[in-house]
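Per-entry structural report
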Amino acid sequence: MSGNYNPAEPDPLADAGYREVPDAEGGAAGRGWWDANAEEYLDEHGAFLGPADFVWCPEGLREEDAGLLGDVTGRRVLEVGAGAAQCARWLGTRGAHVVATDVSHGMLAGGLRYDAAEGTRTPLVQADARALPFAADSFDVAFTAFGAIPFVPDAERVHAEVARVLRPGGRWVFAVTHPLRWAFPDDPSAHGLTATRSYFDRRPYVETGASGRVLYAEYHRTVGDHVAELTGAGFLLERLVEPDWPAGHERVWGGWGPVRGARLPGTAIFVTRLR
Ligand SMILES: C[S@@+](CC[C@H](N)C(=O)[O-])C[C@H]1O[C@@H](n2cnc3c(N)ncnc32)[C@H](O)[C@@H]1O
């Protein structure tokens, strides 16, 4: 597919849609896409997320209010797919011993800039969430807000790695796009209120460059798929949080916004514990 790709040349977007791609290609695309788009992403969403704030989702649910991780004081906390580590940075101010990991150097570089601006020092580690460079039982709590899981074909590997590095009984909390959303166009207007695809169609959303290379891949799992992957890795599901769209919240983020937020869930947060 990517035989014509020359890294020295631009590879403009040529195709976007739902289609099967080899797992190795889809799973590897995330790093390059986030490196290439880190600055634009942080320019667009950085003010909403805050440099040292813990916002779970476009609905604006804050960990300060939700308390999904429990009391983190003195706890060893791991963030995977941390991006610029805004959440980890906030947890550090709450007394957690936190480490933020992400596969993208570009996103972590944003974290270094935030640390410089905030006068903080957040431990940042470049790592794929499917191969975490930590010993077994290193953490009490692990979490991600939309990191890693949507971008890999094999999320069961993320769960297995988190299970390995957590202590028995440790908490694992992750937020993803609500699976129901995959049946609807990714459009924040009323056009996005009519289901046009099957919820059960697991083909990823894929963007392809002119060279045929996979530039971006995002993977759909039904609620049942997520639960099967979690329990298969040894986690117990304690809560499934579906944040409301708050009255008066007008900010549009991709397909999220007040029009659809009034009728459809946009985010699913799985709160789990290792057996
Ligand atoms: C939507 S951002 C989430 C980060 C942060 N919570 C935010 O909202 O900016 C997705 C992050 O997942 C990271 N990511 C993608 N694939 C990954 C993988 N296989 N392992 C670790 N991180 C990954 C990306 O680099 C990106 O920083």
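A quick note: this is a predicted structure, and the numbers were derived from the prediction, not measured.

1. Digging into the overall build of the chain
Per the secondary structure count, the chain includes 7 helices and 10 strands. For a compact globule of 275 residues, the expected C-alpha radius of gyration is about 19 Å, and the chain comes in at 18 Å, within 12% of that figure. For the chain, the spread of C-alpha atoms along the principal axes amounts to about 50 × 45 × 40 Å. Taking all 275 residues of the chain together, the buried fraction comes to 44%. Counting only contacts in the chain whose residues sit at least 6 apart along the sequence, the fraction spanning at least 24 positions is 74%.

2. A look at the UniProt feature "domain: Methyltransferase type" (unreviewed entry) in the chain
The UniProt entry lists residues 78-174 under the feature "domain: Methyltransferase type" (unreviewed entry), expressed in the numbering used here. For residues 78-174, the end-to-end C-alpha separation is 12 Å, with 34% helix and 28% strand making up the annotated structure.

3. Description of the environment of Pro123
Within the secondary structure, Pro123 sits in the loop between helix 4 (105-118) and strand 4 (124-126). In this structure, the C-alpha to C-alpha distance between Pro123 and Val99, residues 24 residues apart in sequence, is 5.1 Å. Among residues more than four places away in sequence, those in contact with Pro123 are Val98, Val99 and Ala100.

4. Topic: the sheet that holds strand 10 (residues 267-274)
Spatially, 7 strands are ordered 4-3-2-5-6-10-9 in an open sheet, and the strand pairing comes out mixed. In the strand order of this sheet, the two ends are held by strand 4 and strand 9 (235-241), each with one partner. With strand direction ignored, the average angle separating the axes of adjacent strands in the sheet is 20 degrees. Relative to strand 6 (residues 166-177), strand 5 (residues 139-145) runs parallel, the two being bridged by 6 bridges. Of the residues in strand 6, the one forming a bridge with Phe143 is Val173. Strand contacts of helix 4: strand 3 (97-102) and strand 4, with the helix running at about 170 degrees to strand 4, the strand carrying the most contacts. Contacts from helix 5 (residues 155-165) reach strand 2 (76-79), strand 5, strand 6, strand 9 and strand 10 within the one sheet, and its direction differs from that of strand 6 by about 150 degrees.

5. A few points about the pairing of strand 8 (residues 214-218)
Side-chain direction in a regular strand flips from residue to residue, so the side chains alternate between the two faces of the sheet. The element strand 8 is largely enclosed, with a buried count of 4 among its 5 residues. Of the pairings in the sheet, the one linking strand 7 (residues 205-209) to strand 8 comprises 4 bridges and is antiparallel in character. Opposite Val206, over in strand 8, you have Ala217 as the bridge partner.

6. Brief notes about the nonpolar core
Membership of the largest hydrophobic core comes to 69 residues, with the highest contact counts inside it found for Leu91, Ala142 and Val173. Among the elements that line this core, the one with the most residues is strand 6, at 6 residues. In this view, Ala142 contacts Leu78, Val80, Val162, Leu166, Gly170 and Trp172; residues no more than four positions away in its chain are not counted.

Scoring rules and cut-offs
- Residues numbered from 1 in each chain as written.
- Predicted model: local features only at pLDDT ≥ 70, side-chain atom pairs only at ≥ 80, totals over all residues.
- Helix = DSSP H or I, 4+ residues; strand = E, 2+ residues; numbered from the N terminus.
- Rg over C-alpha atoms; globule rule 2.2 N^0.38 Å.
- Buried ≥ 20, exposed ≤ 12 C-beta atoms within 10 Å, placed from the backbone.
- Contact = placed C-beta atoms within 7 Å.
- UniProt positions renumbered as here; feature names shortened; annotations may be inferred.
- Pairing = 2+ DSSP bridges.
- Axes fitted to C-alpha atoms, helices over the stretch in contact; angles between N-to-C directions.
- Core = buried A, V, L, I, M, F, W, Y, C linked by C-beta atoms within 7 Å.

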